[in-house]
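# Coordinates in review
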Amino acid sequence: LPYEKGYALLHNLEKNILKNEDHFQEILKAYINKYRRGSAISSDFIEVFEMKIEEIYNTISESYQNKAGINYKERIYYLKKLEMVILDQKVNIQNALFQDLRKSSFETDATEIFTVLTEIRHCLRNLHHWVRHTAVLTPIPMIGTSSYIIPEPKGMVLIIAPWNYPFNLCISPL
C-alpha cells in the first residue's frame, strides 16, 4: 500500500476521537483489495470511497432528521466536549501529524490545535449572541404583531479539508 498523506491523522480521528473505526476499516480494506497489486493514487481511493458514500450519507441523514434540532445548551455541551477531546488527544494528534507531514509538536500546536481551540472558545463566548432572536420592524399591514429573525440550522454540510493543515481545516468548520 503506497504512503498516503493524512492516513495517520484520519485513522487517529476515526479511532480515538470518533470512537468508531468500522467505516474507516471497511473503506481501507476495499482500497487495499482493489489496488494491492500496483501503485495507487488519491483518485483511486476516492473511487473506492464513492462506493460507500451513499450508505454513509443515508446514515448521517437519518441521524440528522431524527433530531428536532440542537438547542443552545446542547451546542455549549458539544463545544466543550470537543474542546476536552482535543486536549485529551493532543499527543495523538501531534504524533499523527508528525507521521503524515513531519510537523513538529510546536508547529502542530501553533497551526492546528491552538487555532481550533481558539475558535471553539470564541464560539463559546459568542454563541448566546448568535442564537438570540432579533426584533425587526413589522410591516404596516401586520401592525399589532411582532416580527423577529430566528436563527435556525438549515441542514447538513460536507466539510472538505486539504492535507496541508488537515486537523485545523477539518475541525474548525465543525
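Below you will find a few notes about this structure. (Residues numbered from 1 in each chain as written. Predicted model: local features only at pLDDT ≥ 70, side-chain atom pairs only at ≥ 80, totals over all residues. Heavy atoms only, no water.)

## Section: the overall build of the protein chain
- Scanning the protein chain for helices and strands turns up 7 helices and 2 strands.
- Order of helices (α) and strands (β) in the protein chain, N terminus to C terminus: α-α-α-α-α-α-β-β-α.
- In the protein chain, which comprises 174 residues, the share counted as buried stands at 25%.
- Put simply, of all contacts in the protein chain between residues at least 6 apart along the chain, 58% involve residues at least 24 apart.
- Counting every atom, the protein chain has about 12500 Å² of accessible surface; 58% of that belongs to carbon and sulfur. (Helix = DSSP H or I, 4+ residues; strand = E, 2+ residues; numbered from the N terminus. Buried < 20%, exposed > 50% of the residue type's maximum accessible area, 1.4 Å probe, protein only. Contact = heavy atoms within 4.5 Å. Areas by Shrake-Rupley, 256 points an atom, 1.4 Å probe, with all protein chains shown as cover.)

## Brief notes about the packing of aromatic side chains
- Under the definition given, this model contains 1 aromatic pair.
- One cation-aromatic arrangement involves Arg102 over Phe98; the distance from NZ or CZ to the ring centre is 4.9 Å. (Phe/Tyr/Trp six-rings, centres within 6.5 Å; stacked < 30°, edge-to-face > 60°. Lys NZ or Arg CZ within 6 Å of the ring centre and 35° of its normal.)

## A look at a nonpolar patch on the surface
- Side chains of Tyr57, Ile60 and Met156 sit close together on the surface and give an oily, nonpolar patch of about 290 Å² of accessible area.
- When its relative accessible area of 33% is taken as the criterion, Met156 is described as partly exposed. (Patch = residues over 30% accessible without salt bridge, like charges linked within 9 Å, V, L, I, M, F, W, Y side chains within 5 Å. Salt bridge = Lys/Arg side-chain N within 4 Å of Asp/Glu carboxyl O.)

## Remarks on the nonpolar core
- Counting 14 residues, the largest nonpolar core has Ile86, Ile93, Ile113, Val116, Ile120, Phe167 and Ile171 as the members making the most contacts within it.
- Among the elements of the structure, α4 (72–88), α5 (90–101), α6 (105–130) and α7 (166–171) are those that each provide at least two residues to this core.
- The element contributing the most residues to this core is α6, with 6 residues. (Core = buried A, V, L, I, M, F, W, Y, C linked by side-chain atoms within 4.5 Å.)

## Considering the pattern of salt bridges
- For the structure shown, the criterion picks out 3 salt bridges.
- A salt bridge links Arg121 to Glu83; its shortest N-O distance comes to 2.6 Å. Within this pair, whereas Arg121 is found in helix α6, its partner Glu83 is found in helix α4, the two being separated by 38 residues in sequence.
- With a relative accessible area of 34%, Arg121 lands in the partly exposed category.
- The partner of Glu112 in a salt bridge is Lys103, with the nearest N and O atoms 2.8 Å apart. Grouping residues by exposure puts Glu112 and Lys103 together as buried.

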